[in-house]
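Fold and geometry: a report
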Amino acid sequence: MAHEAAATSGTADKLVIRNIGLLLSGDIHTPILDADTVVATGGRITFVGRRADADLENAQCVIDAKGCALAPGLIDSHVHPVAGDWTPRQNQLGWIDSCLHGGVTTMISAGEVHMPGRPKDIVGLKAFAITAQRIFNGFRPSGVKVHAGAPVIEQGMVEEDFKDLAAAGVRLLGEVGLGSVKDGRTAREMVAWARKYGIQSTIHTGGPSIPGSGLIDKDVILAADADIIGHINGGHTALPDAQITCLCESCGRGLELVHNGNERAALHTLRVAGGLGQLERIILGTDAPAGSGVQPLGILRMIALLAGVGGVAPEIAFCFATGNTARMRELDCGLIEVGRSADFVFMDKAQQSAGGNLLESVALGDLPGVGMTVIDGVVRSHRSRNTPPASVVPEITHGN
Ligand SMILES: [Zn+2]
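These remarks concern the structure in this document. (Residues numbered from 1 in each chain as written. Predicted model: local features only at pLDDT ≥ 70, side-chain atom pairs only at ≥ 80, totals over all residues. Heavy atoms only, no water.)

Considering the overall build of the protein
Quick note on the threshold: Strands are runs of DSSP state E lasting at least two residues, helices are runs of H or I lasting at least four, and both sets are numbered from the N terminus onward. Partly exposed describes any residue whose relative accessible area lies between the buried limit of under 20% and the exposed limit of over 50%, with all areas from a 1.4 Å probe on protein chains only and scaled to the type maximum. Whether two residues are in contact is decided by their heavy atoms: any pair within 4.5 Å suffices. Here the Shrake-Rupley method, with its probe set to 1.4 Å, supplies the accessible areas, and only the displayed protein chains count as covering residues. Charged residues are defined here as Lys and Arg on the positive side and Asp and Glu on the negative side; His and the ends of the chain fall outside this count. A charge is said to be at NZ when it belongs to Lys, at CZ for Arg, at CG for Asp and at CD for Glu.
From N to C terminus, the protein includes 11 helices and 20 strands. Principal axes of the C-alpha set define a box for the protein whose edges measure 60 × 40 × 35 Å. Taken across its 400 residues, the protein has 62% of its residues classed as buried. The long-range fraction of contacts in the protein, counting pairs at least 24 apart against all pairs at least 6 apart in sequence, stands at 75%. On the protein, roughly 14,300 Å² of surface is accessible, and the fraction owed to carbon and sulfur atoms is 50%. Seen as two clouds, the 33 positive and the 42 negative side-chain charges of the protein have centres 2 Å apart.

Pasting the structure below:
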């Protein structure tokens, strides 16, 4: 294997990033910060500001950004991991490492549904969810944080099951609707039990993704009241526009747009949410691995689609994959802010892009070039092997 498969990460004692040309905060209310220097200590951001005000002494690692952009590491809100960096869905190894090269530093499981022989009996599905939570907590492929252990709810589960799962460390439900619970009433009861014990929920939206899944329409979604309306743009088969509009208008839940969905429906959702003044509800995922395969650049492609075709400001589109997701998923990353996890992606406009700078290039629908990623204050990858080449890449001028 060409890629490094790091176990649970080490953390850099002190990391200094200087000469940042554009600091994208991840915060939709203040997407661009007036700062050129970020310092992290012990894997946490300890300073964001101007170089003259920063304490740069005794850094173990200094990165010269050379004027390129720094953003929080991207978050993929919807993946289907199985074990380590392997997916049987398309018989692929190293797919998570490939996504790291697309700027993704955190992934959220929407269910480990591709595990061959996945148990569907209640004790089995609970044991499997706890196992998935443990194995991805114990092993981070290439350093990427994969939040997994997301059981798919089945008929017959009782409140005690959710209590047990929560006590064992499970914090997520897999997509509601992928199992035998497909009616609004049962889903609502189980989602409420999950919420009571601190387990977050996502519901499948739209037509069946693959043989075996089914239609979940707006009535089921509104009845279930899950925290996130998973792939509201379908996976791939989208609901009619009127139903998507109704979902945006009738509740305040998260609106997840995925790469492996219907692009037209994603743009419709963006327009409706924008019209409501509720862009803070939009979060991005790939829904990979799936029938459409693995998209190492899927999150960047969604950002370029929503900015280039959807017309949203590129600095706002980056927030859909960082701060919005972190807030909704209760993560300690996703923002360039003191106290947050030091997870970063360095980007610049791709070579030969018609845009004059990174944001202009994304507004034109071009993908940015990723120059480096950092997780927990540790450099995890250098010039991306997957994005178009960045015009400028950062350089480690001290340490490693
Ligand atoms: Zn789905």
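So, next bit.
With respect to the packing of helix α2 (residues 122-138) against helix α3 (residues 159-167)
When two helices pack together, their arrangement is captured by the angle between the axes and the distance separating the axes. Inclusion rule: As a rule, the C-alpha atoms of each element are fitted with a line to give its axis, helices using only the stretch in contact, and angles between N-to-C directions run from 0 to 180 degrees. Working definition: roughly parallel below 35 degrees, roughly antiparallel above 145 degrees, roughly perpendicular at 65 to 115 degrees, and oblique for all remaining angles. With the far helix as reference, a near helix turned anticlockwise by less than a right angle produces a left-handed crossing, and one turned clockwise produces a right-handed crossing. All residues other than Ala, Val, Leu, Ile, Met, Phe, Trp, Tyr, Cys, Pro, Asp, Glu, Lys and Arg, Gly among them, are scored as polar; the first ten of these are nonpolar and the last four charged.
Packing of α2 against α3 leaves a shortest axis separation of 10 Å and a crossing angle of 20°. In terms of axis orientation, α2 runs roughly parallel to α3. Relative to α3, the crossing made by α2 is right-handed. Note on element contacts: α3 touches α2 through Asp161, Asp164 and Leu165, opposite Ile122, Lys126, Ala129 and Ile130. For the contact of α2 with α3, a count of residues per class yields 4 nonpolar, no polar and 3 charged.

Description of the coordination of the zinc ion
As a reminder, the rule being used: Nitrogen, oxygen and sulfur within 2.8 Å of a metal are treated as its donors, or within 3.2 Å for sodium, potassium and calcium (Na, K, Ca); water is not counted, so a site can appear incomplete.
With distances of 1.8 to 2.3 Å, the protein atoms coordinating the zinc ion are Glu175 (OE), His204 (ND1) and His231 (NE2). When the donor residues of the zinc ion are listed from N- to C-terminus, their spacing reads E-x28-H-x26-H. Of this pair, His204 sits in the loop between β13 (202-203) and α5 (218-224) while His231 sits in the loop between β14 (228-229) and α6 (241-250), placing them 27 residues apart in sequence. Residues His204 and His231 agree in their burial class; the two are buried.

A look at empty space enclosed by the protein
This is how the line gets drawn: Using a 1 Å grid laid over the protein atoms alone, points where a 1.4 Å probe fits but cannot get out form a cavity; open sets with protein on both sides within 12 Å along at least 5 of 7 lines form a pocket; any residue with an atom within 4 Å of a point counts as lining. Grid points are joined across faces, edges and corners, and a volume is the space filled by probe spheres set on the points.
In the structure shown here, the tally under the stated rule is 1 cavity of 30 Å³ or more. For the largest cavity, the full set of lining residues is Glu112, Val113, Arg118, Pro119, Leu125, Phe128, Ala129, Ala150, Pro151 and Val152. Class assignment for the residues of the lining of the largest cavity results in 8 nonpolar, no polar and 2 charged.

Some words on the layout of surface pockets
Considered as a void within the structure, the largest pocket measures approximately 570 Å³ in volume. Listed by contribution, the elements that provide at least two residues to the lining of the largest pocket are α2, β12 (145-147) and α10 (323-329). For the lining of the largest pocket, the residue count by class is 8 nonpolar, 7 polar and 9 charged. Space inside the second largest pocket adds up to approximately 350 Å³. In terms of lining residues, the second largest pocket is bounded by 23 residues, among which Val113, His114, Leu178, Ser209 and Ile210 are the most central. Class assignment for the residues of the lining of the second largest pocket results in 6 nonpolar, 12 polar and 5 charged.

Some thoughts on the pattern of salt bridges
Here is the rule we go by: What counts as a salt bridge is simple: a side-chain nitrogen of Lys or Arg found within 4 Å of a carboxyl oxygen of Asp or Glu.
As enumerated under the stated definition, the model contains 21 salt bridges in all. For Asp64, the salt bridge identified is with Arg18, shortest N-O distance 4.0 Å. Within this pair, whereas Asp64 is found in strand β6 (residues 61-64), its partner Arg18 is found in strand β1 (residues 14-18), the two being separated by 46 residues in sequence. The burial state of Asp64 is the same as that of Arg18; both residues are buried. Within this structure, Arg140, Lys145, Asp343 and Asp376 form a network of salt bridges that share partners.

Details of the sheet that holds strand β11 (residues 104-109)
As a reminder, the rule being used: Between any two strands, pairing holds if DSSP finds at least two bridges.
Across the sheet, 3 strands lie side by side as β8-β11-β12; this open sheet has parallel pairing. Each having just a single partner strand, β8 (74-79) and β12 make up the two edges of the open sheet. The average angle at which neighbouring strand axes cross in this sheet is 20°, direction not considered. Pairing of β11 with β12, which is carried by 3 bridges, proceeds in the parallel orientation. Across the sheet, the residue bridging to Ile108 is His147, located in β12. The strands touched by helix α8 (residues 298-308) are β8 and β11; relative to β8, the strand with the most contacts, the crossing angle is about 105°.

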